[in-house]
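# Inside the fold
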Amino acid sequence: MAVADVASAGAEEVPDRIYRHSGLTRATHWINAITLFVLLLSGLNIFMAEPGLFIGQYADFDHPAVRIFAAHAADGHLVGVTQIGNSQITTTGFLGVSNNATGHPVARTWPTWMTLPSYRDLATARRWHFFFAWVLVINGAAYLAWNTYVRHIQKDLWLTRQDIAEIPQSVVDHALLRHPTGLAATRYNVLQKLAYLAVILVLVPGMVLTGLTMSPGMDAALPILPWAFGGRQTARTLHFVFAWSLVLFFIVHMVEMVLAGPINEITSIVTGWYRVPKAHSAPHSDKGAV
Amino acid sequence: MSDTPILAQIRSAALARRNWLKAGLASLGGLWLAGCDQLSNNTAALKVLESAEGLTRRAQRLVLTPGQLAPEFKASDISPNFKANGSVDPQDAAYRAHVANGFVDWRLSIEGLVQHPMKLSLADLKARKSRTQITRHDCVEGWSCIGQWTGAPLADLIREAGLKPEAKFLVFHCMDTMGGGGEDNRYYESIALADAFHPQTLLAYEMNGAPLAVPHGAPVRLRVERHLGYKQAKYLERIEAVASLDGLHGGKGGYWPDRGYEWYAGI
């Protein structure tokens, strides 16, 4: 209801286009996208050196929280196994065992297309990872500092009372793949705000902090880091959880982009200009109901 | 039920489009992968990526004061199963001979750019002031183990030997040969003077209250906390003070740094 009410109430004043994303936001968005992609793929290569996750200060090798490995079946062929806690599932072809370039199954944590470099190379993967970690930090700091200074985060992303009241309606709208139009489309909806806030204030800073906690030098400089995350191995596990949370965000981000109109959405994050969807096409508006 | 001709046509068109899309995505992905692999083997591109190491080193030196200690733990935190990595049972003839007679003839020499070169037996090291610490060992692979180390603080020894003013690094020459091969595959590592004088930097001869075992570097290994595991050189025989790392082995200051890993191992 709320979405349609706002849309119809302000129908006359709705501009055709709005300048939605500042130059800095657009630039940092794309740098961030490429950076996170490189960090994910190089991070997955690094993970292959110790394909298990643990809780605590040290690695309790007999009790991993997660482990991906290859085993031999009774007939001798390779089986990929993913273990979470005490339960194991067969993931041959994807995790633990996947095909090499010539189509032969080999013991490998991830398929070649998921790692950077595609071949196993801890030293080079670390080089990629730490270079782009610096890019992530500098780019993210620029985004946060500027958008706090111009109050973009406070004005456009921070939740208002109205946003909180609209959460149930927004959940329904998302479930029905209904997208706001008119005036409502000129601002972010509450779930969208929550997703963006989670990325910029929790997931990316969480990646950086858990990453720093894995550095023995940083743990000496800031002993609060391993203390706060419950140990270096827990931090490593959280680094992994945050990374896949960002992948999940990316998938939802892409789905929403396609549903909301990919041309308009991509144009807006490239040029800054967003065409406001017209209210009359809304299935929910008063005009439509009559 | 069979499709009407028009439906079948739509269906096959959709299928063709899907296949085309799939092929397009796959080749884009292939290009990306091939591109990244190519960059990973390109000297100029690697140099750019490697430039991050200097930034990391400077940033960490900025926030890390010289005396700041790595976190220490309680006895109850010690790993029940401390993983031994790298060389775990060196087959070098000279090393086997030392193992066979309990390291009585083993000597550690401190040489290079020092005023007073030294040769120390295991008994000499043990007779000196010692430090015991329970610290976390972080492998570059991602795992950690916690152990208790007892040894002679390196700072005392190099003060005694007296560094010449041009000395900038300490190089640790080891007795183990990595993965077969000759002298060039001997393990070695090096540290900056800031780390050499750090209070937790030890020449450790005991681990968890027992003499250092062969898999962990007997008779003496380096403990340079605040760095990854590959800096913790095992099977020591010679410490050399140098002005530059250029002339040694691959010139990058360590067995693994010569093979692409960061010389600055605080990350």
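Residues numbered from 1 in each chain as written. Chains lettered and ligands numbered in written order. Predicted model: local features only at pLDDT ≥ 70, side-chain atom pairs only at ≥ 80, totals over all residues.

## Section: the overall build of chain B
Broken down by element type, chain B carries six helices and 10 strands. Against the compact-globule benchmark of 18 Å for 267 residues, chain B has a radius of gyration of 26 Å, which places it well outside the compact range. Burial statistics for chain B: of 267 residues in total, 37% are counted as buried. (Helix = DSSP H or I, 4+ residues; strand = E, 2+ residues; numbered from the N terminus. Rg over C-alpha atoms; globule rule 2.2 N^0.38 Å. Buried ≥ 20, exposed ≤ 12 C-beta atoms within 10 Å, placed from the backbone.)

## Digging into the interface of chain A and chain B
Counting residues at the interface gives 31 residues for chain A and 39 residues for chain B. Elements represented by at least two residues in the side of chain A that touches chain B include exactly helix 3 (122-149), helix 8 (216-221) and helix 10 (232-260) of chain A. Of the residues forming the side of chain A that touches chain B, the biggest block, eight residues, is contributed by helix 3 of chain A. Tallied by class, the residues present in the side of chain A that touches chain B amount to 20 nonpolar, six polar and five charged. (Contact = placed C-beta atoms within 7 Å. Nonpolar A, V, L, I, M, F, W, Y, C, P; charged D, E, K, R; others polar.)

## As for the packing of helix 2 (residues 23-47) of chain A against helix 3 of chain A
All names here are of chain A. Running from amino to carboxyl end, helix 2 crosses helix 3 at an angle of 155 degrees, the nearest separation of the two axes being 8 Å. The orientation of helix 2 with respect to helix 3, classified from their angle, is roughly antiparallel. Pair helix 2 / helix 3 crosses with left-handed handedness. (Axes fitted to C-alpha atoms, helices over the stretch in contact; angles between N-to-C directions. Parallel < 35°, antiparallel > 145°, perpendicular 65-115°, else oblique. Left-handed = near helix turned anticlockwise from the far one by under 90°.)

## Concerning the nonpolar core
One finds Leu170, Phe172, Cys174, Leu203, Ala204, Val220 and Leu236 of chain B to be the most contacted residues of the largest nonpolar core, which totals 81 residues. Those residues in contact with valine 220 of chain B, other than ones at most four positions away along the chain, are Leu108, Leu125, Leu203, Ala204, Tyr205, Leu212 and Leu236 of chain B. (Core = buried A, V, L, I, M, F, W, Y, C linked by C-beta atoms within 7 Å.)

## Quick notes on the sheet that holds strand 5 (residues 87-90) of chain A
Pairing within the open sheet is antiparallel, and its four strands lie in the order 2-3-4-5 (chain A). On the outer flanks of this sheet lie strand 2 (52-53) and strand 5 of chain A, each paired with one strand and no other. (Pairing = 2+ DSSP bridges.)

## Comments concerning the sheet that holds strand 10 (residues 236-242) of chain B
All names here are of chain B. If you trace the five strands from one edge of the open sheet to the other, you get 2-1-10-5-6, paired in mixed fashion. Looking along the sheet, the strands with just one partner apiece sit at the ends: strand 2 (118-120) and strand 6 (186-192). The average undirected angle you get between the axes of adjacent strands in this sheet is 20 degrees. Alignment of strand 5 (residues 169-177) against strand 6, held across six bridges, turns out to be antiparallel.

## Focus on the confidence of the model for chain A
Caution applies to low-pLDDT regions: their predicted coordinates should not be interpreted in detail. Per-residue confidence for chain A gives a mean pLDDT of 92; residues scoring 70 or more make up 92%. Contacts of residues 281-290 of chain A to residues separated by more than four positions or lying in other chains number 16 contacts, the stretch itself having pLDDT below 50. (pLDDT = per-residue confidence, 0-100.)

## Examining the domain arrangement of chain A
Residue and element names in this part refer to chain A. With domains assigned, chain A is organised as domain 1 (2-22 + 150-289) and domain 2 (52-113). Each of domain 1 and domain 2 has a C-alpha centre, and the two are 34 Å apart. If you look at the interface, domain 1 gives seven residues, while domain 2 gives eight residues. Of the residues in the side of domain 1 that touches domain 2, the class split is one nonpolar, four polar and two charged. (Domains from an automatic or database assignment.)

## Some remarks on the domain arrangement of chain B
The assigned domain composition of chain B is domain 1 (5-41) and domain 2 (68-259). Taken over C-alpha atoms, the centre of domain 1 of chain B sits 53 Å from the centre of domain 2 of chain B.

## Description of helix 7 (residues 190-213) of chain A
All names here are of chain A. Compared with an ideal rise of 1.5 Å per residue, which puts 24 residues at 34 Å, helix 7 spans 32 Å between its outermost C-alpha atoms and is within 8% of the ideal. Along its length, helix 7 reaches its greatest deviation from straightness, about 40 degrees, at valine 199. Those residues of helix 7 that sit buried are Val190, Leu203, Val204, Gly206, Met207, Thr210, Gly211, Leu212 and Thr213. (Expected span 1.5 Å × (residues − 1). Bend = angle between axes of the 7 residues up to and from the residue.)

## Here we look at the pairing of strand 4 (residues 144-153) of chain B
All names here are of chain B. When you tally the buried positions in strand 4, you get 10 out of 10 residues, the bulk of the element. Inspection of the sheet shows strand 3 (residues 131-138) paired to strand 4 by eight bridges, in the antiparallel sense. Looking at the pairing, threonine 135 lines up with glycine 147 of strand 4. Connecting the antiparallel pair strand 3 and strand 4 is a turn made up of five residues, with glycine 142 showing a positive phi of about 125 degrees.

## Some words on the packing of helix 3 of chain A against helix 7 of chain A
Residue and element names in this part refer to chain A. Running from N to C, helix 3 and helix 7 cross one another at 145 degrees; their axes reach a closest spacing of 11 Å. Remark: the crossing between helix 3 and helix 7 carries left-handed chirality. Residues Ala133, Leu136, Val137, Gly140 and Leu144 of helix 3 form the contact with helix 7, whose participating residues are Ile200, Val204, Val208 and Gly211. Here the contact of helix 3 with helix 7 is built from residues that sort into seven nonpolar, two polar and no charged.

## Remarks on helix 10 of chain A
Residues and elements named next belong to chain A. Taking 1.5 Å of rise per residue, 29 residues should cover 42 Å, and helix 10 covers 41 Å from first to last C-alpha, within 8% of that figure. Residues of helix 10 that are buried include every one of Arg232, Gln233, Thr234, Ala235, Arg236, Thr237, Leu238, His239, Phe242, Ala243 and Leu246, and no others. At the exit of helix 10 stands glycine 261, carrying a positive phi of roughly 110 degrees.

## Focus on unusual backbone geometry
With an omega dihedral of -10 degrees, the bond running from leucine 116 of chain A to proline 117 of chain A counts as a cis peptide bond. Assignment of secondary structure puts proline 117 of chain A in the loop between strand 7 (105-108) and helix 3. Residues alanine 218 of chain B and proline 219 of chain B are joined by a peptide bond in cis, for which omega reads 5 degrees. With respect to the helices and strands, proline 219 of chain B occurs in the loop between strand 8 (210-211) and strand 9 (221-223). Notably, phenylalanine 103 of chain B is not glycine yet its phi reads approximately 65 degrees, a positive angle. With respect to the element layout, phenylalanine 103 of chain B can be found in the loop between helix 3 (93-100) and strand 1 (108-112). Judged by C-beta crowding, with 20 C-beta atoms within 10 Å, phenylalanine 103 of chain B ranks as buried.

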